[in-house]
Amino acid sequence: MEIKPDEIASILRERIEGLETGSADLTEVGTVLSVADGIARIHGLDNCMALEMLELPHGVTGLALNLEADNVGAVLFGAWDEIVEGDTVKRTGKLLEIPVGEALLGRMVDPLGRPLDDRGDIATTETRPAEFKAPGVVQRQPVEEPVQTGLMSIDGMIPIGRGQRELIIGDRQTGKTAIAIDTIINNKDKDLICIYVAIGQRMSTVVQLKETLEENGAMENTIIVAAPADEAAPIKYIAPYAGCAMGEHFLYNGKAALCVYDDLTKHASAYRQMSLLLRRPPGREAYPGDVFYLHSRLLERAVKLNDDLGGGSLTALPIIETQASDVSAYIPTNVISITDGQIFLESDLFFSGVRPAINVGISVSRVGGNAQTKAMKKVAGKLRLDLSQYRDLEAFAQFGSELDAETQKALTRGERLVELLKQKEREPLSVGDQVASIYSGTGGYLDRIKVERVAEFLADLRTRLHSEESELLGRIEETGKLEEDDEKALGKAIADFVDDFGPDFDESGEPLEEGESDRVHSKEEREAPGRTAEAEGDSDSDSDNDSDSTEDEEAATPA
Ligand SMILES: Nc1ncnc2c1ncn2[C@@H]1O[C@H](COP(=O)(O)OP(=O)(O)OP(=O)(O)O)[C@@H](O)[C@H]1O
Ligand SMILES: [Mg+2]
């Protein structure tokens, strides 16, 4: 029998025309044309949407990114290496969604919300879109509440507010992650939910970090989203959006959340890799043209919502790694221009022992000023100015005694302030402690102590204040204010402690001879038996003893 193609075609056409719409259950199914490096080209998905989730065999999820005339370019999540040419692909009709909810707290998950720790499944049914339009201006309100990092240099000079986007930028190994981790630890008992997104780091580093958070009791309030270095680029690309979606769950429920993206440099390069594989045209530094939009649409989602919408907030702390402190490279300039300020870390400072290695001169916080507590504003107001004055004069320090008194004074003050702002990692300070410490510097009390002894002085001062002025500290903590009377009392307590600790210089800055003050060299010596009696004897004569005078206001010498 002869087959006539024309006839067959017309029969088929008749049959198809005869089909009633809706009578058959149709899902749009396509076929994999090619697959490599976690990227698939799929034929036959004519109505596919951009960013639509696709279903592939072996539990692999696809995300349609390139909609082209005759095929769809999709990135694959999961065991993409099991996908072969000819596999069928189903449309889901949904955009990419991420599991969210309280159940994720305390957990370490991958960007698709699957557990990476050994605590079993995550019981949550809620999801949120990975990509979500950021709220507009009318839905927002000004940033006014602080996110306390517990680091004096940040809370004092570069305050961060809830809903702000503050960039942490610096070379490798300058303590960028440490700042974010300290912030999370400092907020463990506060109403701030933290999400740490690790992009392109070694898995062992992330696990270590989780252990650190657990040791410090900060994991219960935290979600870790990990897309480690050995993962395919699409997973790293989606990680910050996933973290953001998890944060938005809390944001839109009227709570406060903090997202750390560590780091967006690796995110950008994962996106570049993905885009090149999808054959998108490369632009500057081979990044695709929309790499700015990649980060801006992520960071725009940080917000302080207005009260009608629940007043929730999402703060973003993106991290960027620079090469040789070059902030004018493509990705750093992009993210600097998107954020509301940056904390700039420098290797030189880090290696000279100034840690956290923040360059105060070029670090800024554009909106956090209103969020700073009043007490901190009061005591730290002069801090930045004093420090920058010191930086200007630092070069002259070698001339020593030939300098005029004014310069000498600025140098003395500056040296001590630098020392004051040094802080070990994992030791965030409460607001009260910070205010007291900074006040001892800006109030000039530290000028009487040798630079080498400043750290010890401050540690002892804080211990003393906790035992003897806990009410005062509590008041600062609670109200965030430092009232006139409290300021006086704080000043006096510090002045008393200076005398007790043993100053190295008198009030005019002249060195005190040995024996002139009750200066004692070592901690052991100060705590040795008999020493207290001697100190009491001393102070009886000049009515300067701290514990006596704090209780006896009339006998007190003015601070
Ligand atoms: N304030 C600090 N005091 C003492 N050591 C610190 C401080 N901050 C960070 N470090 C140490 O410096 C090293 C680098 O810190 P961290 O990992 O935070 O830097 P990073 O900039 O995130 O590095 P990377 O570029 O590798 O991500 C760590 O060993 C950390 O323990
Ligand atoms: Mg790091």
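Residues numbered from 1 in each chain as written. Chains lettered and ligands numbered in written order. Predicted model: local features only at pLDDT ≥ 70, side-chain atom pairs only at ≥ 80, totals over all residues. Heavy atoms only, no water.

Participant: Please explain the pairing of strand β6 (residues 88-95) as it appears in this structure.
Facilitator: Of the pairings in the sheet, the one linking strand β1 (residues 29-36) to β6 comprises three bridges and is antiparallel in character. Residue pairing across strands places valine 29 opposite lysine 90, the latter belonging to β6. Sheet topology note: the strand β3 (residues 52-55)/β6 ladder contains three bridges and is antiparallel. Note on β6: the bridge partner recorded for glutamate 52 is leucine 95. (Pairing = 2+ DSSP bridges. Helix = DSSP H or I, 4+ residues; strand = E, 2+ residues; numbered from the N terminus.)

Participant: Teacher, can you tell me more about a nonpolar patch on the surface here?
Facilitator: On the surface, Ile8, Leu12 and Ile16 cluster together to form a nonpolar patch covering roughly 290 Å² of accessible area. Structurally, isoleucine 16 is set in helix α1 (residues 5-18). (Patch = residues over 30% accessible without salt bridge, like charges linked within 9 Å, V, L, I, M, F, W, Y side chains within 5 Å. Areas by Shrake-Rupley, 256 points an atom, 1.4 Å probe, with all protein chains shown as cover. Salt bridge = Lys/Arg side-chain N within 4 Å of Asp/Glu carboxyl O.)

Participant: What is the right way to read the layout of surface pockets from this model?
Facilitator: Over the atoms, a rolled probe matching the size of one water molecule traces out where space is still vacant. One number sums up the size of the second largest pocket: a volume of about 890 Å³. Lining the second largest pocket we find 30 residues, and of these Gln173, Gly175, Lys176, Thr177 and Ala178 sit closest to its centre. The set of elements that each furnish at least two residues to the lining of the second largest pocket consists of α3 (176-186) and α4 (203-215). If you tally residues by element for the lining of the second largest pocket, the top one is α3, at six residues. Grouping the amino acids of the lining of the second largest pocket by side-chain chemistry returns eight nonpolar, ten polar and twelve charged. (1 Å grid on protein atoms, 1.4 Å probe; cavity = no way out; pocket = protein on both sides within 12 Å on 5 of 7 lines; lining within 4 Å. Points joined across faces, edges and corners; volume = space filled by probe spheres on them. Nonpolar A, V, L, I, M, F, W, Y, C, P; charged D, E, K, R; others polar.)

Participant: Quick question: what am I supposed to make of the packing of helix α5 (residues 233-251) against helix α6 (residues 264-277) here?
Facilitator: A pair of packed helices can be characterised by two numbers: the angle between their axes and the separation between those axes. Contact pair α5 / α6: the axes reach a minimum separation of 8 Å and the direction vectors enclose 135°. Of the possible angle classes, the one that applies to α5 and α6 is oblique. Crossing handedness for the pair α5 and α6: left-handed. Taking contact as the criterion, the partners of Ala233, Pro234, Lys236, Tyr237, Pro240 and Tyr241 in α5 are, on α6, His267, Ala270, Tyr271, Gln273 and Met274. For the contact of α5 with α6, a count of residues per class yields eight nonpolar, two polar and one charged. (Axes fitted to C-alpha atoms, helices over the stretch in contact; angles between N-to-C directions. Parallel < 35°, antiparallel > 145°, perpendicular 65-115°, else oblique. Left-handed = near helix turned anticlockwise from the far one by under 90°. Contact = heavy atoms within 4.5 Å.)

Participant: What is the right way to look at the site of ligand 1 in this model?
Facilitator: Every one of the 14 residues lining ligand 1 counts as a neighbour, but Gln173, Lys176, Thr177, Ala178 and Glu425 are closest to it. The contact in question runs from an oxygen atom of ligand 1 to an N or O atom on the side chain of glutamine 173, over 2.8 Å. Within the side chain of lysine 176, a nitrogen or oxygen atom sits 2.7 Å from an oxygen atom of ligand 1. Protein contacts shield 71% of the accessible area of ligand 1, which totals 630 Å² for the unbound molecule. When each cavity is represented as a set of grid points, ligand 1 is found to reside in the second largest pocket. Among the elements that take part in the shell around ligand 1, α3 stands out by supplying three residues, more than any other. Per-class residue counts for the shell around ligand 1 are three nonpolar, five polar and six charged. (Near = heavy atom within 4 Å. Polar contact = N/O pair within 3.5 Å; in protein donor to acceptor, adjacent residues only side chain to side chain. Sits in = over half its atoms within 2 Å of the grid points.)

Any functional reading would require information that these geometric values do not contain.
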